[in-house]
Amino acid sequence: NPFLAHDTIDLLYWRDIKQTGIVFGSILLLLFSLTQFSVVSVIAYLALAALSATISFRIYKSVLQAVQKTDEGHPFKAYLEMEMSLSQDQIQKYTDCLQLYVNSTVRELRRLFLVQDLVDSLKFAVLMWLLTYVGALFNGLTLMIMAVVSMFTLPVVYDKYQAQIDQYLGLVRTHINTVMAK
């Protein structure tokens, strides 16, 4: 979906600071919550917070209507009447996309584990070996937190300091090419 990609880019480049701050803060809060509580507890707490807010708002609006003697009806009526279902076409589209991804991943893993290409399988083995060290240093949630922070900071930093970063990357690339040539 091109609109979704555009919105994501806008979020990562902080084009709407308020919206990006809300999304970034919410994701970090969720991830930090998961470091302290189980997934079940976090989901339960989020559900309780949402229910507390909606019940409080519903009671507030009911009291306000009683005091002002108005009949505005249910405060969430528009949302209750809103159609919230996926069409068969949408489900089929997402299922087809998921199927392509799963099949592609299974084919690639089969190719790597059954050593269709020795060099690729050895590269994969080295990657898995390196990941054992990463896993010893960080747990999955820490890596996710680092990934989220990087996603929301690196694009902006690169955008702001692109000339300097490109210059240093050029030097590193030249050095690597020199070492590889030897």
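Just so it is clear, the model here is predicted, and its values are computed rather than measured.

Caption draft 1: View of the UniProt feature "transmembrane region" (unreviewed entry) in the chain. According to UniProt, the "transmembrane region" (unreviewed entry) feature falls on residues 22-51 and 137-158. Taken end to end, residues 22-51 is 93% helix and 0% strand, and its first and last C-alpha atoms sit 20 Å apart. For residues 137-158, the helix share is 91%, the strand share is 0%, and the end-to-end C-alpha distance is 27 Å.

Caption draft 2: Here's a closer look at the UniProt feature "domain: Reticulon" (unreviewed entry) in the chain. The UniProt entry lists residues 8-182 under the feature "domain: Reticulon" (unreviewed entry), expressed in the numbering used here. Spanning residues 8-182, this segment combines 84% helix with 0% strand, and its end C-alpha atoms are found 43 Å apart.

Caption draft 3: Local environment of helix α2 (residues 17-36). Compared with an ideal rise of 1.5 Å per residue, which puts 20 residues at 28 Å, α2 spans 28 Å between its outermost C-alpha atoms and is within 8% of the ideal. Here α2 has its buried residues at Thr20, Phe24, Leu28, Leu31 and Ser33.

Caption draft 4: A look at helix α7 (residues 140-160). Over its 21 residues, α7 runs 30 Å from end to end, which matches the ideal 30 Å to within 8%, given 1.5 Å per residue. Where α7 bends most, the angle comes to about 30°, and this point is Ser150. Taken together, the buried positions of α7 are Ile145, Val148, Phe152 and Pro155. Between the side-chain oxygen at the start of α7 and the backbone nitrogen of Leu141 there is a gap of 3.1 Å, and the oxygen is on Asn139.

Conventions and cut-offs
- Residues numbered from 1 in each chain as written.
- Predicted model: local features only at pLDDT ≥ 70, side-chain atom pairs only at ≥ 80, totals over all residues.
- Heavy atoms only, no water.
- UniProt positions renumbered as here; feature names shortened; annotations may be inferred.
- Helix = DSSP H or I, 4+ residues; strand = E, 2+ residues; numbered from the N terminus.
- Expected span 1.5 Å × (residues − 1).
- Buried < 20%, exposed > 50% of the residue type's maximum accessible area, 1.4 Å probe, protein only.
- Bend = angle between axes of the 7 residues up to and from the residue.
- Polar contact = N/O pair within 3.5 Å; in protein donor to acceptor, adjacent residues only side chain to side chain.

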